[in-house]
Amino acid sequence: MTPNKNLEKFQEFKRLHDLIHETLDDTISPARAAELQALLQSDRDARRHYWQLIHETVILSSWAKGNSLASGEVEVNIETASTVDLAPPAGSLGHSFIGSAVSVVAQAIEWHRHPVRFLTTIAVLTGLFLSVLLFWIWPRQASNQQTARQQATHTGQPASVAKIINTHQVQEASSSTAAFVGAHLRTGQTLRLKSGLVELRFQSGARAILQGQSTLTIEGPNSSRLEHGKLVALVPPAAVGFSVTSPQATIIDLGTEFGMAVTEAAVEVAMFAGRVNVQVNDDSGAVAQQQVLRAGQSARIARRQIAMATLADKRSEFVRKLPTPLRTRSLDLADMVAGGDGQQTLHRRNAGIDLLTGQPLYSPVPRHFTEASGDRGQYRVASANRWVDGVFLPDGEGGRAVQIASTGLTTRQIPDTDGQSYDHLWNGLNDRYVRTALDGVDYASQSILQMFANKGVTFDLQAVRAAHPDWRLARFSTVAGNCRGSVDYLVLVDGQIVFERRNHQASNTGLSMDVPLAPDARFLTLVVTDAGNGSSADQSFLGNPKLWLTTGDSGSVSDRNSEDSTKR
């Protein structure tokens, strides 16, 4: 053979060798795969080399696994192999290569003469099969998924921009978009709720709670359209700009939590925290009027006009968090003051509410007393707290009316005080020297709502009911403790005193309170005042302040005693 022929033969062999290894490495292109297929079908020597590589792979696999399979135990009938799809097209290698290799090699094993060797060989081939699956098929599945996403993009199929992360007692008005946890929503999809609650998380990070009856259309990763019904939007800083459009107005978030209610007649917006920009468009779509709303404000948009208002009683109309399964028959008010769910799942000790602003407070212990004076009777809405309507510094000097709720509810039954208060409202005590044991029970290890005189706090019972619709609020109970000085205790329901103890002196004995709650009671107000002799050193707290729930017609004292006894 001439040198040129030798060189030509070597180049052909190298080309075949490269094609086969590209196939084994799964890097072969469709054109190169077609080239290899044609070469194997036309050249017997090429087929022999092809299957020799498979044979060597089996032997190497056997050696790596510690088996004693010899090279003579696997033979290939080249003529039979010529009828098999030897070189699969690129993109389908995982299936056809394995099928060809295993079927052809297995046919060549002299299993009737060497049954043990046959089993060993099958084990080797199984290992080879699984290896190919691991290194070829799984990566291809991921690649196929990526290709599918790319194809969806090229074909105009919308991608998921929101996801349903929670639901509660949902009834759908339409089956066009199923409302179930884990459902992905695309641009243009619409949720139609007959009743219940659905919580969505948008791609931007914004969350929305949709209340039935409502119709919401997803417009993008950070926008939606509320045709009618109610929602609450909770928008983190990363999602500022989240927008909700409606037939009459567009709400654009500026970093906030807000509620929105859409009816045929008007759009109402209630601000819980942060700010939003309310835009009203004219017939041409241009912005005709806009207004920035801040925490504690609300607005009503009707006939393309914005009317401002205070938050008032709008807060209780919106569900700001989906119900969570109750672990106990009671809800802890100290935990609620700290922003918890009342079940102490977050263990938010050393958190509370600023008596002068109504805003949350977070502070490690020990902390110093902070004097709040000159703010007599001013009611502060706790807009960032789901359960607390507001706080105030009580002073009924001269029998004047004192506001005790965001609706404007007042009472003239608050005692005269010195108009001062030390520290704020806390879950837990801020002074380690305060005596916390009453009647042999140390409430520091259980639950304490710190209420040094003078302080008032109002809880929104309607919000509690909305969070636990399967339960009924039955009673309020606590054990009050006064470590120093003397104080007055008042408990009011919807502005009426239902419990009162004047001039309660410091003692190691607790003052038990147990107050029934009517089914329609809206506000529970707790007040501690200075008993007319100044607020200095009036170290008072409420131990285990709880709302008791029941599924029956009335609360059960035995249930409360049973639960409390487990903590003593």
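Counting of residues starts from 1 at the beginning of each chain's written sequence and follows it residue by residue. pLDDT decides what is reported in this predicted model: residues at 70 or higher carry local features, side-chain atom pairs at 80 or more are listed and counted, and totals for whole chains, interfaces and linings draw on all residues regardless. The side-chain figures draw on all heavy atoms in the structure; neither hydrogens nor water molecules are used.

1. What about the overall build of the protein?
Next, step 1: Secondary structure elements follow DSSP: runs of H or I no shorter than four residues count as helices, runs of E no shorter than two count as strands, and numbering proceeds from the N terminus. Along the backbone of the protein there are nine helices and 31 strands.
Next, step 2: The buried share of the protein, reckoned over its 568 residues, is 48%. Classification of residues uses two cut-offs on accessible area relative to the type maximum, computed with a 1.4 Å probe and protein chains only: under 20% is buried, over 50% is exposed, and between them is partly exposed.

2. What to know about the pattern of salt bridges
Next, step 1: The salt bridge definition used is simple: a Lys or Arg side-chain nitrogen within 4 Å of an Asp or Glu carboxyl oxygen. Applying the stated rule across the entire model yields seven salt bridges.
Next, step 2: Between D460 and R522 there is a salt bridge, with its nearest N and O atoms 3.3 Å apart. One end of the pair, D460, is in strand β25 (residues 455–460); the other, R522, is in the loop between β29 (511–516) and β30 (523–529), and 62 residues separate them in sequence.

3. Some words on the environment of R412
Next, step 1: By the secondary structure assignment, R412 is in the loop between β19 (410–411) and β20 (420–422).
Next, step 2: We call two residues in contact whenever any of their non-hydrogen atoms come within 4.5 Å of each other. Not counting chain neighbours up to four residues away, the residues in contact with R412 comprise G399, R400 and A401.
Next, step 3: Looking at R412, its side chain comes within polar contact range of the main-chain oxygen of G399, at 3.1 Å. Residues adjacent in sequence count toward polar contacts only when both atoms are side-chain atoms; beyond that, a polar contact is any pair of N or O atoms within 3.5 Å, and within protein one must be able to donate a hydrogen and the other to accept it.

4. Examining the sheet that holds strand β27 (residues 486–493)
Next, step 1: Two strands are counted as paired when DSSP detects at least two bridges linking them. Within the open sheet, the six strands sit side by side as β16-β17-β25-β30-β27-β28. Their pairing is antiparallel. Either end of the sheet is taken by a strand with one partner, and the two such strands are β16 (379–381) and β28 (496–505). Neighbour-to-neighbour, the strand axes of the sheet open up by a mean angle of 15 degrees, direction not taken into account.
Next, step 2: One ladder, built from six bridges, connects β25 with β30; its direction is antiparallel. Its bridge partner lying in β30, V457 is registered against L526. The axes used here are C-alpha line fits, helices contributing only the stretch in contact, and every angle between their N-to-C directions lies in the interval 0 to 180 degrees.

5. Overview of the side chain of D332
Next, step 1: Its location among the elements puts D332 in strand β12 (residues 330–332).
Next, step 2: When charges are counted, Lys and Arg contribute as positive and Asp and Glu as negative, whereas His and the chain ends are disregarded. Within the buried set, D332 has no salt-bridge partner at all; the shortest N-O distance to an opposite charge, 5.9 Å, is to K546.
Next, step 3: At 2.6 Å, the side chain of D332 and the side chain of S447 are in polar contact.

6. Side note on helix α2 (residues 30–42)
Next, step 1: Multiplying one less than the number of residues by 1.5 Å gives the expected span of a helix. With 13 residues, α2 should cover 18 Å at 1.5 Å per step; its first-to-last C-alpha distance of 19 Å lies within 8% of that length.
Next, step 2: Listed as buried for α2 are A33, L36, Q37, L39 and L40. Projected onto a plane normal to the axis of α2, the buried residues spread over an arc of 165 degrees and lie on a single side. Counted as exposed and oriented over 90 degrees from the buried face of α2: A31, Q41 and S42. Taking the helix axis as origin, the arc is that swept by the directions to the C-beta atoms.

7. A few points about the nonpolar core
Next, step 1: Membership of the largest hydrophobic core comes to 40 residues, with the highest contact counts inside it found for L524, L526 and L547.
Next, step 2: Aside from chain neighbours lying at most four places away, what touches L547 is R329, S330, L331, L333, L461, V464, L473, R475, F476, L517 and L524.
Next, step 3: Ranked by size, the runner-up nonpolar core spans 38 residues in total, among them A208, F242, V276 and I306. In this description, a nonpolar core means a group of buried Ala, Val, Leu, Ile, Met, Phe, Trp, Tyr and Cys residues linked to one another through side-chain atoms lying within 4.5 Å.

8. What to know about unusual backbone geometry
Next, step 1: A cis geometry characterises the amide bond from G212 onward to Q213, with omega recorded as -5 degrees.
Next, step 2: In this fold, Q213 is placed in strand β4 (residues 207–220).
Next, step 3: Here A453 and N454 are connected by a cis peptide whose omega angle stands at 0 degrees.
Next, step 4: Within the secondary structure, N454 sits in the loop between β24 (448–450) and β25.
Next, step 5: With a phi close to 55 degrees, R303 is a non-glycine residue in the positive phi region.
Next, step 6: Of note, R303 is situated in the loop between β10 (297–302) and β11 (305–310).

9. Some points on the packing of aromatic side chains
Next, step 1: A pair of Phe, Tyr and Trp rings is counted when the ring centres sit within 6.5 Å of each other, with Trp represented by its six-membered ring. The angle between the planes then sorts it: under 30 degrees is stacked, over 60 is edge-to-face, the rest tilted. One pass over the full model with this rule turns up three aromatic pairs.
Next, step 2: On the basis of an interplanar angle of 65 degrees and a centroid distance of 5.1 Å, the ring pair of F202 and F242 is categorised as edge-to-face. Here F242 lies in the loop between β5 (223–234) and β6 (243–245) and F202 lies in strand β3 (residues 190–202), a separation of 40 residues in the sequence.
Next, step 3: Centroid distance F272 to F318: 6.2 Å. Interplanar angle 75 degrees. Geometry classified as edge-to-face. With a gap of 46 residues between them, F272 in strand β8 (residues 267–281) and F318 in the loop between β11 and β12 connect regions that are remote in the sequence.
Next, step 4: On the basis of relative accessibility, which here comes to 0%, the residue F272 falls in the buried class.
Next, step 5: Note on geometry: a ring has a charge over it if NZ (lysine) or CZ (arginine) is within 6 Å of the ring centre and within 35 degrees of the ring normal. The aromatic ring of F318 is capped on one face by K230, whose charged end is 5.9 Å from the ring centroid.

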